[in-house]
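Spelled out, the chains give:
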Amino acid sequence: MPRTVIHWFRRDLRLTDNTALHHATQAAEQVVPVYILSDWKQRHGWTGPNRQQFLCGNLESLAKNLEALGSRLIIRCGRADAELERLIRETQAQAVYFNRDYDPYGRAMEKRVQELCTRLGIECHSYQDSVLHEPDAVLTGAGLPYRVYTPYSKNWLSLPKTAPHGRPRTLGPAAPATVTSLPLPTLEHWQLPPCTAQIPAPGERAARERLKHFISSGILHRYGQERNLPAGQTTSMLSPDLRYGLLSIREIYQRCQEALVDESGKPQPAAAQASIQTYIKELAWREFYMAILWHFPQVFEQEFSPDWVGLPWPGTDADFQRWATGSTGFPIVDAGMRQLLKTGLMHNRLRMITAMFLTKDLHCDWRLGEAFFMQHLVDGENASNNGGWQWSAGTGADAAPYFRIQNPWLQSARFDPEGVYIKQWVPELKDVPAPLLHEPPSRPGLPLAKGYPIPMVDHHTERDRCLAIFAKHKEERV
Ligand SMILES: Cc1cc2nc3c(=O)[nH]c(=O)nc-3n(C[C@H](O)[C@H](O)[C@H](O)COP(=O)(O)OP(=O)(O)OC[C@H]3O[C@@H](n4cnc5c(N)ncnc54)[C@H](O)[C@@H]3O)c2cc1C
């Protein structure tokens, strides 16, 4: 009897270099590919239309790519273990293949699926795929998780990296018509409002184009010098692709290695090589935060650093709303928030500036900002988002010390001196001379431009207040 197995697609919505899919196609004559939709409706604290729209587009593209191989993507909805059980019975599958996820929800479901396979007496194969090194593969000499990035990254960088697999030529025959599939989802499936943001083009091919552009246009080779500048494209913009696995991390790493030499095989100039190494270290940050969430899943609820558990956050809802709508009167902060609202993405430097502003200038709980980002970000990813928020709030693993509070005016002058980024996202300020964008208005009470708010707080006053809140909490804990 020909062997049939199931490939359960999760955060790996591609055919090229998909580890579990590669092994499934090696092991069986027929691979039945399935994606299982979540069944929440209308409101989800951490998810909104931007990321779900991107997901819909990615599923559509995946379905087309599978069809081109003569296969058919099966869409189901509900709890993954229950839906997989149904599908196993319908297809008589002898095994389930999937790539591992490292966040607590993904892990919990994997455990259930493994139990299901044991109960049904079929094989269950899971693979490392979305990371270069799994959380338990990068530990201290004593076998403990790292809490600090630099030694983690040294260890991570020194480990051998796996080469990519190819793209399967066939998954065997499509599942018969008796195996039903839901239609490809639209936002109506979750009863979400339409996505109004200009999000990136979905699908594996668009992701490959982004990777190609990042490398061939020289952005990678200038990354070390330019990555902190938010105007124009200075970074890879590949985070949504990594979030949904449209590209494999092994392939990105391999392309970076290849980019160390030019087309004739001559080594790139030292600065370009250093840029590539800097970029690879950013990929290590992603895995560092995944490892933190793996080893310390409590970070979802509370501060990573025990010193700051229970720290009060006296910011008001009205203050939060001004931040969330990009109307704080701090041009750089408002530009970042409006980029997020209009595109579902925000440059990393701006994520730091806006997150620090919310927590240190407005004293709002980092968990509110974390949830807001997750609702809007196309690349919203639990580990990196939590890590980024706790870093900015000063409460996380290897976080900015609480007393190192970025001054948004200085950040603005340093990273957007001509105001190009600010003017792109805050058009009310397009005629304001650049130097004036980087300081509070010289005449208090008068806005920088018609229709633009005056700064909602004085940074120096709020900085002192923040230091006092942290210091008092520390004192009371001793
Ligand atoms: C408050 C805050 C929230 C964040 N939320 C997310 C999130 O939800 N999802 C997400 O992918 N990243 C998040 N980041 C990290 C970072 O801002 C984005 O990964 C980056 O802006 C994506 O753009 P890029 O792909 O052009 O990055 P590049 O500069 O090109 O970096 C390459 C890749 O490295 C990884 N990376 C880079 N910086 C970081 C970092 N600080 N932490 C973890 N991984 C990193 C990403 O996978 C990124 O795609 C957050 C950072 C902060 C400060």
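Residues numbered from 1 in each chain as written. Predicted model: local features only at pLDDT ≥ 70, side-chain atom pairs only at ≥ 80, totals over all residues. Heavy atoms only, no water.

1. Overview of the side chain of Thr 343
To keep things clear, this is the line we draw: For helices the rule is a DSSP run of H or I covering at least 4 residues; for strands it is a run of E covering at least 2, with both sets numbered from the N terminus onward. Categorising residues by exposure relies on relative accessible area from a 1.4 Å probe, with only protein chains included: less than 20% of the type maximum marks a residue as buried, more than 50% marks it as exposed, and the intermediate range marks it as partly exposed. Throughout this description, a polar contact denotes any pair of N or O atoms lying within 3.5 Å of each other; where both atoms belong to protein, one of them has to be capable of donating a hydrogen while the other can accept it, and for residues adjacent in sequence the pair is counted only when both atoms sit in side chains. Contacts are assigned to residue pairs with any non-hydrogen atoms lying within 4.5 Å of each other.
Topologically, Thr 343 is positioned in helix H12 (residues 331-343). Look at Thr 343 and you get buried, because its relative accessible area is 13%. Looking at Thr 343, its side chain comes within polar contact range of the main-chain oxygen of Gln 339, at 2.7 Å. Separated by 3.1 Å, the side chain of Thr 343 and the backbone nitrogen of Leu 345 make a polar contact. Apart from residues no more than four positions distant in its own chain, Thr 343 is found in contact with Ala 197, Gln 198, Ile 199, Val 378 and Trp 425.

2. Details of the sheet that holds strand E3 (residues 74-77)
Put simply, the rule is: A pair of strands is labelled paired if DSSP reports no fewer than 2 bridges between them. Here an axis means a line fitted to C-alpha atoms, over the contact stretch when the element is a helix, while the angle between two N-to-C directions is reported on a 0 to 180 degree scale.
As summarised here, the arrangement of the five strands in space is E3-E2-E1-E4-E5, forming an open sheet in which the pairing is parallel. Two strands lie at the open edges of the sheet, namely E3 and strand E5 (123-127), each paired on one side alone. On average, each strand axis in the sheet is inclined to that of its neighbour by 25°, with strand direction left out of account. Pairing of strand E2 (residues 30-37) with E3, which is carried by four bridges, proceeds in the parallel orientation. Counterpart to Leu 37 in the pairing with E3 is Cys 77. The strands touched by helix H2 (residues 49-68) within the sheet are strand E1 (4-9) and E2, with E2 carrying the most contacts at an inclination of about 165°. On the sheet, helix H4 (residues 104-120) packs against E1, strand E4 (95-99) and E5 and is oriented at approximately 165° with respect to E4.

3. A short note on the site of the ligand
Put simply, the rule reads: Think of it this way: one heavy atom of a residue within 4 Å of a molecule or strand is enough to make that residue near it. To be clear on the numbers: accessible area is Shrake-Rupley with a 1.4 Å probe, and residue cover counts the displayed protein chains and nothing else.
Near the ligand, the surroundings consist of 27 residues, among which Tyr 223, Thr 235, Ser 236, Met 237 and Asn 348 are the closest. Between the ligand and the protein, one listed contact pairs an oxygen atom with a side-chain N or O atom of Tyr 223 at 2.5 Å. A distance of 3.1 Å separates a nitrogen atom of the ligand from a polar side-chain atom of Asn 385. In isolation the ligand offers 820 Å² of accessible surface; the protein chains occlude 94% of this area. Of all the elements, helix H10 (residues 270-295) adds the most residues to the shell around the ligand, at six residues.

4. So, the packing of aromatic side chains
Rule in force here: Centre distance within 6.5 Å is the pairing criterion for rings of Phe, Tyr and Trp, where only the six-membered ring of Trp is used; planes under 30 degrees apart are then read as stacked, over 60 as edge-to-face, and the remainder as tilted. Charge-over-ring placement is defined geometrically: NZ (Lys) or CZ (Arg) within 6 Å of the ring centre, and within 35 degrees of the ring normal.
Summed over the entire model, instances satisfying the criterion amount to 30 aromatic pairs. Between Trp 308 and Tyr 402, the ring centres sit 5.1 Å apart and the planes meet at 65°, which makes this aromatic pair edge-to-face. Taken as a pair, Trp 308 in the loop between H10 and helix H11 (317-324) and Tyr 402 in the loop between helix H15 (382-393) and helix H16 (408-415) lie far apart in primary sequence, 94 residues in all. Across the pair, exposure class does not vary: Trp 308 and Tyr 402 are buried alike. Clustering of aromatic rings is evident, with ring pairs tying together Tyr 146, Tyr 149, Tyr 152, Trp 285, Phe 288 and Tyr 289. It is Arg 10 that lies over the ring of Trp 8; its NZ or CZ is 4.2 Å from the centre. Its guanidinium or amino end placed over the ring of Tyr 244, Arg 243 lies 4.5 Å from that ring's centre, counting from NZ or CZ.

5. Observations concerning the packing of helix H7 (residues 219-226) against H10
Angle between the axes and distance between the axes: these two values describe a pair of packed helices. We apply this condition: To sort the angles, those under 35 degrees are grouped as roughly parallel, those over 145 as roughly antiparallel, those from 65 to 115 as roughly perpendicular, and the leftovers as oblique. Charged residues are taken to be Asp, Glu, Lys and Arg, nonpolar residues to be Ala, Val, Leu, Ile, Met, Phe, Trp, Tyr, Cys and Pro, and polar residues to be all remaining types, Gly included.
One can describe the packing of H7 onto H10 by two numbers: an axis separation of 7 Å at closest approach and a directional angle of 80°. Relative to H10, the element H7 lies roughly perpendicular. Of the residues in H10, those touching H7 at Leu 220, His 221, Arg 222, Tyr 223, Gly 224 and Gln 225 are Ala 271, Ala 272, Ser 275, Ile 276, Thr 278, Tyr 279 and Glu 282. Split into classes, the residues belonging to the contact of H7 with H10 amount to six nonpolar, five polar and two charged.

6. Examining the domain arrangement of the protein
One frequently used descriptor of interface size is the decrease in accessible area upon assembly of the parts. The cut-off we apply is this: Annotation comment: domain bounds sourced from an automatic or database domain assignment. Two parts placed together each lose some accessible area; with a 1.4 Å probe, that loss summed over both constitutes the buried area. A pairing counts as a salt bridge when a side-chain nitrogen of Lys or Arg comes within 4 Å of a carboxyl oxygen of Asp or Glu.
Looking at the assigned domains, one finds that the protein contains domain 1 (4-128), domain 2 (131-164 + 204-295) and domain 3 (306-471). In this structure, domain 1 and domain 2 have C-alpha centres spaced 26 Å apart. Listed by partner, the interface residues are 21 residues for domain 1 and 23 residues for domain 2. Both faces considered, domain 1 and domain 2 share a buried interface measuring about 2,000 Å² in area, 49% of it formed by carbon and sulfur atoms. Taken together, the connections running from domain 1 to domain 2 amount to two salt bridges.

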